[in-house]
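Chain by chain, the residues run as shown.
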Amino acid sequence: MSTAQSYDFQAETQKLLNIIIHSIYTNKEIFLRELVSNASDALDKVRFAQNKGTEVADPDQPLEIRISTDKDAGRLTIADTGTGMSEEELVSNLGTIAKSGTEEFLKKVTEEQESPENIIGRFGVGFYSVFMVASQVRVTTKSADPETPAMLWTSDGMGSYTVAPAEEDMSRGTRIEVTLNEEEKEYADPDRIKHIIKKHSNFISFPIFVDDEKVNTIPALWKESKFNITQDQYAEFYKFLTYDSQPPLETIHTSVDAPVQFNSILFIPQKSTLFFENVPTDYGLDLYVNRVLIQHKNQDLIPQYLSFVSGVVDTEDLPLNLSRQAIQESALISKIRTTITKQILQKLKDLAAKDPDRYTTFWEEHGKVFKLGYSDTGNRETFAQLLRFNASWHQDDTGLASLDEYIDRMKEGQKEIYFISGPNRENIASNPHLELFRSKGLDVLYLFEPVDEFVLQSVGTYREYALKAAEHVDPGDLEQFGSGEDEPKETLSSEEEKSFDQLLKAMQDILGDRVTEVRSSKRLSTSPACLVNPESGISSQMQKIMHIMNKDSSIPKQILEINPNHPLSRNLLKVYSQDPNDAFVRQSTEHLFETALLQAGYLADPHTLVNRSFEILSQASSWYTQAKDAGEETR
Ligand code: ADP
Ligand code: MG
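Residues numbered from 1 in each chain as written. Chains lettered and ligands numbered in written order. Predicted model: local features only at pLDDT ≥ 70, side-chain atom pairs only at ≥ 80, totals over all residues. Heavy atoms only, no water.

Q: Would you mind showing me how to read the sheet that holds strand β17 (residues 445-447) here?
A: Backbone hydrogen bonds hold the strands of a sheet together, and the pairing may be parallel or antiparallel. The strand order across the open sheet built from five strands is β15-β17-β16-β19-β18, with neighbouring strands paired in mixed fashion. Every interior strand has two partners, whereas the edge strands, β15 (390-391) and β18 (461-462), have only one. When strand β16 (residues 416-421) meets strand β19 (residues 465-469), the two strands line up parallel, connected through four bridges. Opposite Phe419, over in β19, you have Ala469 as the bridge partner. (Pairing = 2+ DSSP bridges. Helix = DSSP H or I, 4+ residues; strand = E, 2+ residues; numbered from the N terminus.)

Quick look at the structure:
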């Protein structure tokens, strides 16, 4: 027709189309899942409008999806009686990418170099996936708005499309005619199509006909009694909801009557779907009112820290025509959320008790997100019970312990749960603050992720035991636990202690206001020195995070503790006693301080430390060779 207008696809759309068309993805059948899901969405909108009493075109048409095949012509047609599209909607819906998921997909493929073949099935890439199999697509559509005329959209997916008034008289809905590529003719085979529908679209709540035969037969599973549902049916439903190729780790099917009425089926997946992001945003439960889908991925039904859960919630207590805002503010929804949260936590508790290995699988996949639950004050005890951390008694960093397990292992009289933070086990093992606990045989939890400290600090106490950062412990409070195996071989005499005090004063003078104090340490056994936070509530790890967040590069003033029983201290004491102004005292003091800063992660510029190390090494090596030349024992 002469009035046909040609448009170029938006640049992003063209990029996506190129990826899709040239993708060597073998599982091309998912295009049908996408088209059927769009048809179902369009039907949902009509049903929703009708329930609200809005006038729609052709109100008596049944809500359904009809697929027909023409093997000889290599053609497949998918028709629905849904909302249809106006001319503007055609241009904005099928000419541009509106969908955040598609943008995400593009980003992963173009910026993060993910192979499209790996993720195309997981991301619904929507309508455009039809160009994996089509050489030509015609969309004829009539909007549900009675006044809006029918339109025809055509494209070969190569860069442009046309829009024109439809020549025929059409009733409400959309018909998508797909002319298949030579190599994709299998999709004109009705048996193949029926098979794909059963596989991917079995739970669509509208009838789907293939060449006039109804193929989807399964009713809303969540409304059935759970005793009539097999594991396979749950697994199939889960797959339909999530596109996950593996069965779920756990399924929770419940029917609640009070304080609110709802049915739900919830799934915990085996694998996390977060690729790189730490904070999930694309999550939620599908909200139905008496089998009618009201909202896909509603986030008010579930807290973010349980966002790995997917599923459906169906309530009869909500009016159909509620706005998004009203749903958000509904007390009913928040009651459902409270109940659902408790159910999921209970399920996890059961799992941890009955099958610890499976719980470990859960923790490794979803623990990172779950930890965000530190803000859920209402369920704090249960939340804390479900936490897992690596700990000092484990062989390597794969070990996981609960707070209960820690408590079971506590020493007689121990009233606190100790933890220490660091990027990994090796780093923590060399943290001087661990020495006190090691020497007393006290267990310590190892925290590897920055969020862990926020988590434990919000928990505060668990079963009457305060959670405490190792570096905040006063060694005097641990005297009852004896001094353990690492008892120092030599200690200072009272005479030596006096001059040691003077040495510490001299060190303090050298460091000036870079430290609050230099004092003798009771916590060290193998390290010569360490930094201690003056009675502040936050640990050095937390302080560092806050420094980074505030773009603050200053070094907080801390106490430098010196181990009086370390050989270095004894030698230093000798040097100092002979000549308080010996340059070696200054050199060692600076070096101990900077090394302690480095260990605590505060040393931004190591060049003076490095230069001093070289200086000390060359001095040491000349003494060593001199001594050797003199025939002395050097070791
Ligand atoms: P999504 O379904 O995630 O929004 P798609 O790429 O699958 O992304 O579809 C883009 C848009 O095109 C849909 O949001 C919808 O507005 C419109 N659309 C697609 N198919 C149909 C259809 N059969 N009936 C009505 N609108 C449709
Ligand atoms: Mg879609």
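Next comes the rest of the write-up.
Q: Would you explain the sheet that holds strand β22 (residues 558-562) in this entry?
A: Across the sheet, three strands lie side by side as β20-β22-β21; this open sheet has mixed pairing. Lying at the two open borders of the sheet, with one neighbouring strand each, are β20 (515-520) and β21 (529-532). Mean inter-strand twist for the sheet, computed between neighbouring axes without regard to direction, equals 25°. Inspection of the sheet shows β20 paired to β22 by five bridges, in the parallel sense. Bridging across to β22, Val515 finds its partner in Gln558. (Axes fitted to C-alpha atoms, helices over the stretch in contact; angles between N-to-C directions.)

Q: Hey, could you run me through the environment of Ser588 in this one?
A: On the secondary structure map, Ser588 appears in helix α19 (residues 583-600). With relative accessibility at 7%, the residue Ser588 sits in the buried group. Each C-alpha atom, one on Ser588 and one on Ala57, is 88 Å from the other, the two residues being 531 residues apart in sequence. A distance of 2.7 Å separates a polar atom in the side chain of Ser588 from the backbone oxygen of Phe584. (Buried < 20%, exposed > 50% of the residue type's maximum accessible area, 1.4 Å probe, protein only. Polar contact = N/O pair within 3.5 Å; in protein donor to acceptor, adjacent residues only side chain to side chain.)

Q: Mind showing me how you'd approach the packing of aromatic side chains here?
A: Following the criterion strictly, the structure yields 22 aromatic pairs and no others. An aromatic cluster is built from Tyr305, Phe308, Tyr359, Phe362, Trp363, Phe370 and Phe383, whose rings are joined through pairwise contacts. Here Arg33 stacks its cationic end above the ring of Tyr243, 3.3 Å away from the centre of that ring. Sitting over the face of the ring of Phe209, Arg66 holds its NZ or CZ atom 4.0 Å from the ring centroid. (Phe/Tyr/Trp six-rings, centres within 6.5 Å; stacked < 30°, edge-to-face > 60°. Lys NZ or Arg CZ within 6 Å of the ring centre and 35° of its normal.)

Q: In this structure, what is going on with the domain arrangement of the protein? I would like to understand it.
A: Where interface size is quoted, it is often the accessible area lost as the parts come together. Each assigned domain of the protein is listed here: domain 1 (5-214), domain 2 (221-360), domain 3 (387-481) and domain 4 (494-529 + 547-604). Centre-to-centre separation of domain 1 and domain 3, based on C-alpha positions: 56 Å. (Domains from an automatic or database assignment.)

Q: In this structure, what is going on with the nonpolar core? I would like to understand it.
A: Ile344, Phe362, Phe370, Phe437 and Leu445 are the most contacted members of the largest nonpolar core, which totals 71 residues. Broken down by element, this core gets its largest block of residues, nine residues, from helix α9 (residues 331-354). The residues that make up this core include at least three from each of domain 2 (221-360) and domain 3 (387-481). Setting aside its immediate chain neighbours within four residues, Ile344 contacts Ile252, Leu266, Ile302, Leu306 and Val309. Counting 69 residues, the second-largest nonpolar core is a separate cluster that includes Ile97, Ile204, Val215 and Phe237. (Core = buried A, V, L, I, M, F, W, Y, C linked by side-chain atoms within 4.5 Å. Contact = heavy atoms within 4.5 Å.)

Q: Help me understand the packing of helix α16 (residues 494-511) against helix α18 (residues 567-578), please; the structure alone is not making it clear to me.
A: A pair of packed helices can be characterised by two numbers: the angle between their axes and the separation between those axes. With their axes 10 Å apart at the nearest point, α16 and α18 run at an angle of 85° to one another. Viewed along their axes, α16 and α18 adopt a mutual orientation that is roughly perpendicular. Between α16 and α18, the contacting residues are Glu496, Ser499, Phe500, Gln502, Leu503, Ala506 and Met507 on the first element and Ser569, Arg570, Leu572, Leu573, Tyr576 and Ser577 on the second. (Parallel < 35°, antiparallel > 145°, perpendicular 65-115°, else oblique.)

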